[in-house]
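As a plain string of letters, each chain reads:
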Amino acid sequence: MENSSDLAIELLLALPLAAVLIGPNERIVAVNPVARALFGADLPGRHYITALRQPAVLDAVEQSMMNGAPTESMYLGREGSRDTSYRVHIAPVAGASGRYILVSFEDITPLEDAGKMRRDFVANVSHELRTPLTALLGFIETLRGAARNDANARDRFLGIMEREAGRMSQLVQDLLSLSRVEENERQRPSDQIDICGLIKSTISALTPLATKSGVSIAYAAEVEQIVLPADEMQMRQVFTNLIENAIKYGITGGKVEISVAEPAILPLLRGRGVVISVRDYGDGIAAHHIPRLTERFYRVDSHRSREVGGTGLGLAIVKHIVNRHRGRLKIESNEGEGTVFSVILPID
């Protein structure tokens, strides 16, 4: 080991993982730059216990020293406000003056984050389905018992059951839609569509809902036609979601405005693009909610969202579709003044 110590240290420095080499005297011989960033620059010469510190890692190192076999452990750290996780690999290395121990740290934080996202997603879906299912089961039990011969109660309960079943159906539809969008997110659409025509037809389809809600829809475009590469069905879904939300949540303002700007060079896209804005004059959204609006199942007002039939997935779907089109989604809102959702799409 001593004859090739310089080479060993050079190899250690070349490793892409954080690595610490512990000598036979249990003191740290060398660390690479990645480990230096993780633990600090003053490790060489220190006893490994004072540097690594976490009991699980220290036990694994001690075990490897005693039996000469590789071991594994976990190291939990923190970078700023973010928790980090490392899988620790500990392996003995034979040297002329005794047994050295190589401790390497594999960053598995992205895997842990993905696992947490999956767990949260399953928990959220379960919660969203459990609420209407519980209501349905309760009404079925009542209709079989006390309300069996009560025509008025039966009609009322059947109406509620229909609404709850509709919520579940919409949730499943949104989940499937989100899955399809994520699956194709890396593939940019190539079909050419007229975005102005698509928006006008979407407005026509939603006019009955707006009329029923007492909301007027105004459309203004600086040009008659804009052709750009897009998936027609997905873009229709984007503007259906945004205009529906503006009608449902901006109902107090009584109007919704959709505007299409003239194509121009846009810094956000670093090229030519178009800005399509959907504005409502409702209660607006507090600033601390805005960064999280496109998260799955995130709701500003859970009770109101469920009342109007929201699943908590609409804006997540919008974000993924806009990402697939290499565009941007911008949200601006002031409490008491309404909200503006702007979809920025590249033309070329």
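Quick caveat: nothing in here was measured; it's all calculated off a predicted structure.

**Q** What is the right way to look at the overall build of the protein chain in this model?
**A** Scanning the protein chain for helices and strands turns up 10 helices and 13 strands. Against the 2.2 N^0.38 benchmark of 20 Å for 348 residues, the protein chain shows a C-alpha radius of gyration of 29 Å, more extended than a compact globule. The principal-axis extent of the C-alpha atoms belonging to the protein chain is close to 85 × 65 × 35 Å. Out of the 348 residues belonging to the protein chain, those deemed buried represent 39%. Pairs at least 24 apart in sequence give 60% of the contacts found in the protein chain among residues at least 6 apart. Accessible surface computed for the protein chain: about 19000 Å², of which carbon and sulfur atoms make up 52%. When the 39 basic and 43 acidic side-chain charges of the protein chain are each reduced to a single mean position, those positions are 3 Å apart.

**Q** Which parts of the structure should I look at to understand the pairing of strand β13 (residues 338–346)?
**A** Residues in a regular strand point their side chains to alternate faces of the sheet. Among the nine residues in β13, nine count as buried, and that is most of the element. Alternating positions in β13 separate into two faces, Gly338, Val340, Ser342, Ile344 and Pro346 on one and Thr339, Phe341, Val343 and Leu345 on the other, with burial throughout. For strand β11 (residues 271–280) and β13, the ladder comprises eight bridges, and the chain directions are antiparallel. Counterpart to Arg279 in the pairing with β13 is Val340. Examined bridge by bridge, strand β12 (residues 328–334) and β13 share seven bridges and lie antiparallel to one another. Note on β13: the bridge partner recorded for Glu332 is Val340.

**Q** Even after reading the chapter, I still don't get unusual backbone geometry, so can you show me in this structure?
**A** Negative phi values dominate among residues other than glycine, just as trans dominates among peptide bonds. Phi at Glu26 takes a positive value of approximately 70°, unusual for a residue other than glycine. With respect to the helices and strands, Glu26 occurs in the loop between β1 (18–22) and β2 (28–31). Look at Glu26 and you get partly exposed, because its relative accessible area is 33%. Despite not being glycine, Arg326 has its phi angle at roughly 60°, a positive value. When you line up the elements, Arg326 lands in the loop between α10 (314–324) and β12.

Parameters at a glance
Residues numbered from 1 in each chain as written. Predicted model: local features only at pLDDT ≥ 70, side-chain atom pairs only at ≥ 80, totals over all residues. Heavy atoms only, no water. Helix = DSSP H or I, 4+ residues; strand = E, 2+ residues; numbered from the N terminus. Rg over C-alpha atoms; globule rule 2.2 N^0.38 Å. Buried < 20%, exposed > 50% of the residue type's maximum accessible area, 1.4 Å probe, protein only. Contact = heavy atoms within 4.5 Å. Areas by Shrake-Rupley, 256 points an atom, 1.4 Å probe, with all protein chains shown as cover. Lys, Arg positive; Asp, Glu negative; His and termini not counted. Charge placed at Lys NZ, Arg CZ, Asp CG, Glu CD. Pairing = 2+ DSSP bridges.

By themselves, these are just geometric observations and shouldn't be taken as functional.
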